Structures are given as C-alpha cells and as structure tokens.
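A look at the structure
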Amino acid sequence: MATGCMITFRSVQPCSRAPFRAGPILLPHMSRYWSNTVRTLTPYVPGEQPKLDNLVKLNTNENPYGPSPRVIEAIHAATDDGLRLYPDPGSEKLRAAIAGNFNIPSQQVFVGNGSDEVLALVFLALLKQDKPILFPDITYSFYPVYCALFGIGFETVKLDDTFQIDIAHYAHPNGGIIFPNPNAPTGCLLGLAEIEKLVSSNPNSVVVVDEAYIDFGGGSAIPLIACHPNLLVVQTLSKSRSLAGLRVGFAAGHADLIEALDRVKNSFNSYPLDRLAQAGAIAALEDNDYFESTCKAVMTTRGQLVSNLEALGFNVLPSAANFVFARHPHHDASKIATQLRERGIIVRHFKMARIDQFLRISIGTDNQCATLMTALREILA
Ligand SMILES: *Cc1c(COP(=O)(O)O)cnc(C)c1O
C-alpha cells in the first residue's frame, strides 16, 4: 500500500498500524465492507498443519510415502524459463493421461486445483438446482460449506446404525446427490451395484461420487459413466498418489457434464493448474507401479493397525480408505486425542453428534503406527 495511506477510520495513524495489524478496536469496523454472503459463511476448517517437526501426523489422511521419484524429476524439468508463460488452460496432456488410465475419451475428463476446487465447481455447475440436494448426515464437512457459499438447499440423509449409506433412503425427489465413496470420515465403502442402482433410479438428477479414497480398496465407478450420463465421479491425486501439496483433482463423466464444469471454470479461473502441477501430475499417472506398491503398503499397515486397535478394545468401522474410524467403549475420544497430542501424535476428532466418540486415524508408516499403539497402550492403561 502507498505510504500516503495514513488514514484509518478513527484517526490519522501510521499505515503500519492500519488494517493488518489493527487491534481489536478496528476490526468490527472493517467487517462493514463484507458482502452479505461473506457475513453468513461458516468456512470449512481443515485438519491442523502443525509447524513443528517430528510430530506423528495422522490427522489429514496424507500419504505417509512421498510421491513417485518421477514426479520430482518432471517438476524439476518443468522448472525453467517456460514459467514466464501461462500454462495450458485446458491441461490437455494431463487430461489425456487421466483418460488413458481409465480408458475413456479426454472430453469426459475435467481437472482442477485439487478435488476441493473441482467439487466447488460441481456444486455451482451441476448441483445448484431448484430442489434440495441430498448427502449423508455424516460425510465430508465441506459439502454444506459449498451449499452455503452458492445458496444451494440440501437435506441430509441418515447413515444407518452401522454407519453405512442405505440407498433406499435416497428415493425421493432431489436436485442431486453427492457422497464420498468410501465415505469420509467413516471409511465405509458402498458397492458398485448399489451405486449403479442409485444412479439408475435418479435419472433426473446428477449423482456425484467423490472417490478421494477409492484406491485403498474400493472399485471406481468411472467405468459406469459410459452407460450413465447422470453420473459424475471425482478423484484426487492428494491421497493415493501422495500429492496433497501439488493440488490436482479431476472429474470423469459424460461430456455434457464436463462442458458444464468447463463453462464455470472459464468464468472463474482459466488456469487452475500451473505448469509444475500439470507436469508432476502427468508423471504420477505414468508411474502406476509406484502407485500400486504404496497403496498396497498402506492397506497392509491398515490391516495391522485395525487388529492392534481391536486388541486394545477399540471398535473400528470397516475401512476401505487410508484412515480408520475407531471408538473405545470406555474411554472418551477427545481425551484420548488430547493425550496423544501431548505425546506428539495428532489424530482427528470431530465434535459432532453421533461421531464425537470416534477418532479418525490416518494410516501412517509401520513405524508411525507402532508409535501410536505404544502411546495408546500407555493412555488406556
Ligand atoms: C481429501 C478429500 C478431498 C479433497 O482433496 P483435494 O484434492 O486435496 O482437494 C475431497 N473429498 C474428500 C472426501 C476428501 O477426503
């Protein structure tokens, strides 16, 4: 800001004390500039990204293994004078790589800056309808945030007593349906036959399946898009491809659904994926051996962690994800989380009805999970 800017609301003050470093007295006045939309927002709060090193970080479902070495090479190679140029706005090569992986045409693929961005555009482009949309009562807590941002009505549909999605409960008129598969934060998987039934019985609305964790034991619904023009599948490279820091997500669906997303994207940000992200993501998709071996390692560790937690008396929901959702019948979840934190281990606890006695624990390396188990044995003793 120019040094001529010396004026705050109340009086003449040096600029260095104006808005950014303003004390509490100034803040209420600043919000008067906010739009009505902003005033009513309750933004999503992501899991903590602590500044401390040496923590055992099992709270945000990142992959404990680094990305494929080929990703790092590709990003190095793309780090050159070319950065003065805008990236390919249509991410054509990346979309072709994704299309090749799933054996679908590129026109059926949309990419975005993380699947959170893809989802945001999906809400605006496809789920903003006259009728309310439906999603589970326990699910990714970003969905209601997008609804509030875009003015989309929604109804939540209760998971059954075992925390599973029951598709029979979705059989009423709606403006669209969205759920993660496996669901978050439960980790429970819905079978493809059920998904196909749900899609077929809702021909008038779009069904969005958010497959952030599908590579850890589920079957993707992407092959179903060939027969179901109202099915959109969203995936991310953040979890199974170990690239949460690169921000790449994508959607697969009928070309007309993809066109809707393109229209919104090109009305908002033509270049959502930078050059390095496109290069790194392509390399990640080309290294399926690495991808398969790291996913397998995570699943093996998950199996061991589940047995160890059960041996300590935890109830663990069946997980097809890179995390488990567990509760102990005799120990308060939030107390356990606090005591783990004191030992340098962070897990996620949601203060929400029905799940406030659960902990969501990301699958770490074998060593990290051993550290967790040692701490839990101490805490529960
Ligand atoms: C992690 C996650 C995402 C977001 O992934 P990004 O691609 O990193 O934005 C979307 N949906 C669910 C259910 C997730 O858990």
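Residues numbered from 1 in each chain as written. Predicted model: local features only at pLDDT ≥ 70, side-chain atom pairs only at ≥ 80, totals over all residues. Heavy atoms only, no water.

**Here's the deal with the domain arrangement of the protein**
Split into domains, the protein comes out as domain 1 (56–64 + 289–380) and domain 2 (69–286). Summarising the inter-unit geometry, the C-alpha centres of domain 1 and domain 2 are found 26 Å apart. Between domain 1 and domain 2, the contact holds 26 residues from the first and 27 residues from the second. Across the domain 1/domain 2 interface, buried area totals approximately 2100 Å², and carbon plus sulfur atoms make up 65% of it. Its largest share of buried area at the contact with domain 2, domain 1 owes to Phe-291, Ala-320 and Arg-354, together 32% of the area lost on that side. At the boundary of domain 1 with domain 2, the tally comes to 1 salt bridge. The partner of Arg-354 in a salt bridge is Asp-137, with the nearest N and O atoms 2.7 Å apart. Put simply, domain 1 and domain 2 have 8 residue pairs in polar contact (both at pLDDT 80 or more) between them. (Domains from an automatic or database assignment. Contact = heavy atoms within 4.5 Å. Buried area = accessible area lost by both parts, 1.4 Å probe. Salt bridge = Lys/Arg side-chain N within 4 Å of Asp/Glu carboxyl O. Polar contact = N/O pair within 3.5 Å; in protein donor to acceptor, adjacent residues only side chain to side chain.)

**Things to note about the environment of His-349**
In this fold, His-349 is placed in the loop between β11 (345–346) and β12 (358–362). Counting along the chain gives 13 residues from His-349 to Ile-336, while the straight-line C-alpha distance between them is 9.5 Å. Dropping the residues within four chain positions of it, His-349 is found in contact with Ala-333, Ser-334, Ala-337, Asp-356, Phe-358 and Leu-359. For His-349, the side chain forms a polar contact with the main-chain oxygen of Asp-356, separated by 2.8 Å. (Helix = DSSP H or I, 4+ residues; strand = E, 2+ residues; numbered from the N terminus.)

**Side note on unusual backbone geometry**
Leaving glycine out, the prevailing phi sign among residues is negative, and the prevailing peptide bond configuration is trans. Residue Asn-181 is joined to Pro-182 through a cis peptide bond whose omega torsion reads -5°. One can find Pro-182 in the loop between β5 (177–180) and α7 (192–200). In this chain, Ala-184 is followed by Pro-185 through a cis amide linkage whose omega measures 0°. Counting through the fold element by element, Pro-185 comes out in the loop between β5 and α7. Phi at Ser-91 is positive, roughly 45°, even though this residue is not glycine.

**Some details on the site of the ligand**
Taken together, 13 residues sit near the ligand, with Ser-115, Tyr-213, Thr-236, Ser-238 and Lys-239 positioned nearest. The separation between a nitrogen atom of the ligand and a polar side-chain atom of Asp-210 is 2.7 Å. At 2.5 Å from an oxygen atom of the ligand is found a side-chain nitrogen or oxygen belonging to Tyr-213. Protein chains shield 93% of the accessible area of the ligand, which is 380 Å² for the free molecule. The greatest single-element share of the shell around the ligand, amounting to 4 residues, is contributed by helix α5 (residues 114–127). In terms of residue class, the shell around the ligand is built from 5 nonpolar, 4 polar and 4 charged. (Near = heavy atom within 4 Å. Areas by Shrake-Rupley, 256 points an atom, 1.4 Å probe, with all protein chains shown as cover. Nonpolar A, V, L, I, M, F, W, Y, C, P; charged D, E, K, R; others polar.)

**Observations regarding the confidence of the model for the protein**
Residues of the protein with pLDDT of at least 70 account for 92%, and the chain-wide mean is 93. Predicted confidence for residues 1–9 stays below pLDDT 50, and this span has 14 contacts to residues more than four positions away or in other chains. (pLDDT = per-residue confidence, 0-100.)

**Points about the packing of aromatic side chains**
Throughout the structure, instances matching the rule amount to 14 aromatic pairs. Judged by centre distance (5.0 Å) and plane angle (40°), the rings of Phe-123 and Tyr-146 are tilted. Of the two residues, Phe-123 sits in helix α5 while Tyr-146 sits in helix α6 (residues 143–150), which places them 23 residues apart along the sequence. You can call Tyr-146 buried: its relative accessible area is 4%. With a centroid separation of 5.7 Å and an interplanar angle of 65°, the aromatic rings of Phe-135 and Tyr-143 are classed as edge-to-face. For Phe-135, a relative accessible area of 2% puts it in the buried group. A relative accessible area of 0% means that Tyr-143 is categorised as buried. Each member of the aromatic cluster is reached from another via a ring pair, and the members are Tyr-44, Phe-123, Phe-135, Tyr-140, Phe-142, Tyr-143, Tyr-146 and Phe-154. Between Arg-241 and the ring centre of Phe-291, over which it is positioned, the NZ or CZ distance is 3.7 Å. The cationic tip of Arg-360 hangs over the ring face of Phe-323; the distance from NZ or CZ to the ring centre is 5.7 Å. (Phe/Tyr/Trp six-rings, centres within 6.5 Å; stacked < 30°, edge-to-face > 60°. Buried < 20%, exposed > 50% of the residue type's maximum accessible area, 1.4 Å probe, protein only. Lys NZ or Arg CZ within 6 Å of the ring centre and 35° of its normal.)

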